[in-house]
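Residue-level structural notes
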Amino acid sequence: MNPEKIKQQLIKFFNKAWEYIRQARLELIIFAALLFADLLTKGIIAATMAENETVTIIPDFLNFTFVYNELGAFGSAFGLENLIGEQAVRVVFIILTFIAIGIFGYFLYRGRGKNKLYRISLAMILSGALGNLVDRLFIGKVRDFVEIVFFGCDVPLLGKSFAIFNVADAALVVGVIIFLVYFIFIYREPDNEEATADAAAGGEASAGSAEATGEASAGNAEATGEVTAGKESGLQATGGVSHGAGSNKRGENPRYGSKEQCGGKYIGGEAVKDADGEDTDLTAESPYAADCGDKS
C-alpha cells in the first residue's frame, strides 16, 4: 500500500478523533474518571485485604468485604451457571460485554452535542462495562468489595446486606437508570405533522433551488451561445476584411493572388471555400461576380 496514502488516512483519522474529543469533553471526562476510580479501588483492595476479609467503614451500614465474583454483576448469573456451567457463563458475559460496549460506544459517538443526561448515562454505562471487562479478561473474575448493610435488619429476599459490588457495578446501574429517565421523561420524538411540514418545506426549497439553478444554467448557456455567435460573426467579418484587403498584398500570398472585398466575399485568385463549404474560383464566371462586376 502507498505509504503516502496511509499517512493521509492516519492524519484524517486523528483529525476526526481530535474534533470528537473537543466536542465530547464532558462524557469523556466522566468515562475516564469512573474507569480510573474503579480500577484504582480494586487494585488497592486487592493489595491490602485478603479474600473474604471484612473492614467496617460505617457501622451497620457500609463494609468493605473483598470477594472474587466469577459470575455476572452483583454475583448473579440469572441461573445460567446451572445450565451451561460457570466457565461458559464467563465467556458469555465477555461476549455480551464486547457487544454492549460497541453499541453504547456508537451511541456515545453519535450523541455528541446532544442532551447532557443522555451523554452522561452512556459514559457511565461504558465505564462500568469496561471496568469489569478488564477484570474478566486479565484475572478471570471480577474484584468486588462494597457491602451495604441494612442497619442490622434482615430484609426479605435480600438478607442482612446487599450484594457485594464495585465502582463499575455502581456506575453501570446508575447509568442505566439515568438512561431510562431520559428516554421516559425527557426525550421527545418530533411530531409527524412537524416532520412532514419540515420535509415539505425542504422539498419546496430544493425544488425552487433546482428550478432557479436550471434557469440560471439555461440563461448562461443562451448568453454563452450569443457571445459565441457574436465572436464567430466578428471573426468572419475580420477575416473578410483582412483577406479582402489582400488586394494590396498582391504577390505576397500566392494562394489569394489578386483579391478585392466585395460584399464580404472574395473574388479573384485561386479556389477558396464558398458559403456552402465548396471550392470555387471567384473569377468573372463566379456567381459572386455579378455583385461586383468583372474581376477576372
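Going by the structure above, here's the rest.
Residues numbered from 1 in each chain as written. Predicted model: local features only at pLDDT ≥ 70, side-chain atom pairs only at ≥ 80, totals over all residues. Heavy atoms only, no water.

Looking at a nonpolar patch on the surface
Condition: Residues qualify for a patch when their relative accessible area is over 30% and they have no salt bridge, like charges being joined within 9 Å and the nonpolar side chains of Val, Leu, Ile, Met, Phe, Trp and Tyr within 5 Å. For every accessible area listed, the method is Shrake-Rupley and the probe measures 1.4 Å; residues are considered covered only by the protein chains on display. In what follows, salt bridge is the name for a side-chain nitrogen of Lys or Arg lying within 4 Å of a carboxyl oxygen of Asp or Glu. We count a stretch as a helix when DSSP gives it H or I for four or more residues in a row; a strand needs E for two or more, and each element gets its number in order from the N terminus.
Residues Leu-117, Val-173, Val-176, Ile-177, Leu-180, Val-181, Ile-184, Phe-185 and Ile-186 make up a contiguous nonpolar surface patch of about 780 Å² in total accessible area. Mapped onto the secondary structure, Val-176 falls in helix H6 (residues 167-186).

Structural notes on helix H1 (residues 3-23)
So the rule is basically this: Multiplying 1.5 Å by the helix residue count minus one yields the expected span of that helix. A 3.5 Å cut-off defines polar contacts: any pair of N or O atoms within that distance qualifies, except that in protein one atom must be a possible hydrogen donor and the other a possible acceptor, and neighbouring residues in sequence count only when both atoms are side-chain atoms.
Taking 1.5 Å per residue as the helical rise, H1 with its 21 residues ought to reach 30 Å, and the 30 Å between its terminal C-alpha atoms agrees with that figure. Residue Asn-2 occupies the N-cap position of H1, its side-chain oxygen lying 3.1 Å from the main-chain nitrogen of Glu-4.

Some details on unusual backbone geometry
Even without being glycine, Asn-52 reaches a positive phi, approximately 70 degrees. Within the fold, Asn-52 resides in the loop between helix H2 (25-48) and strand S1 (54-58). Even without being a glycine, Asp-60 presents a positive backbone phi close to 60 degrees. Mapped onto the fold, Asp-60 is located in the loop between S1 and strand S2 (62-69).

Regarding the packing of aromatic side chains
Inclusion rule: Pairing of aromatic side chains here covers Phe, Tyr and the six-membered ring of Trp, requires ring centres within 6.5 Å, and sorts the geometry by plane angle: under 30 degrees stacked, over 60 edge-to-face, intermediate tilted. To sort residues, take the accessible area from a 1.4 Å probe on protein chains only and compare it with the maximum for the residue type: under 20% means buried, over 50% means exposed, and anything in between is partly exposed. Cation placement over rings: the criterion is NZ of Lys or CZ of Arg within 6 Å of the ring centroid and within 35° of the ring normal.
For the structure shown, the criterion picks out 16 aromatic pairs. Between Tyr-118 and Tyr-182, the ring centres sit 5.2 Å apart and the planes meet at 40 degrees, which makes this aromatic pair tilted. With a gap of 64 residues between them, Tyr-118 in helix H5 (residues 116-138) and Tyr-182 in helix H6 connect regions that are remote in the sequence. Given a relative accessible area of 9%, Tyr-118 falls into the buried group. For the ring pair Phe-179 and Phe-183, a centre distance of 4.8 Å and an interplane angle of 55 degrees mean the geometry is tilted. One end of the pair is Phe-179 and the other is Phe-183, both in helix H6 and 4 residues apart, which spans about a single turn. When its relative accessible area of 17% is taken as the criterion, Phe-179 is described as buried. On the basis of relative accessible area, Phe-183 is assigned to the partly exposed category, the value being 35%. By the ring-pair criterion, three or more aromatic residues cluster together here, those being Phe-104, Tyr-106, Phe-107, Tyr-118, Phe-179, Tyr-182, Phe-183 and Tyr-187. Seen from the ring of Tyr-109, Arg-112 lies directly overhead, with NZ or CZ sitting 4.4 Å from the centre. Looking at Lys-141, its charged tip hangs above the ring of Tyr-68, at a distance of 4.6 Å from the centre.

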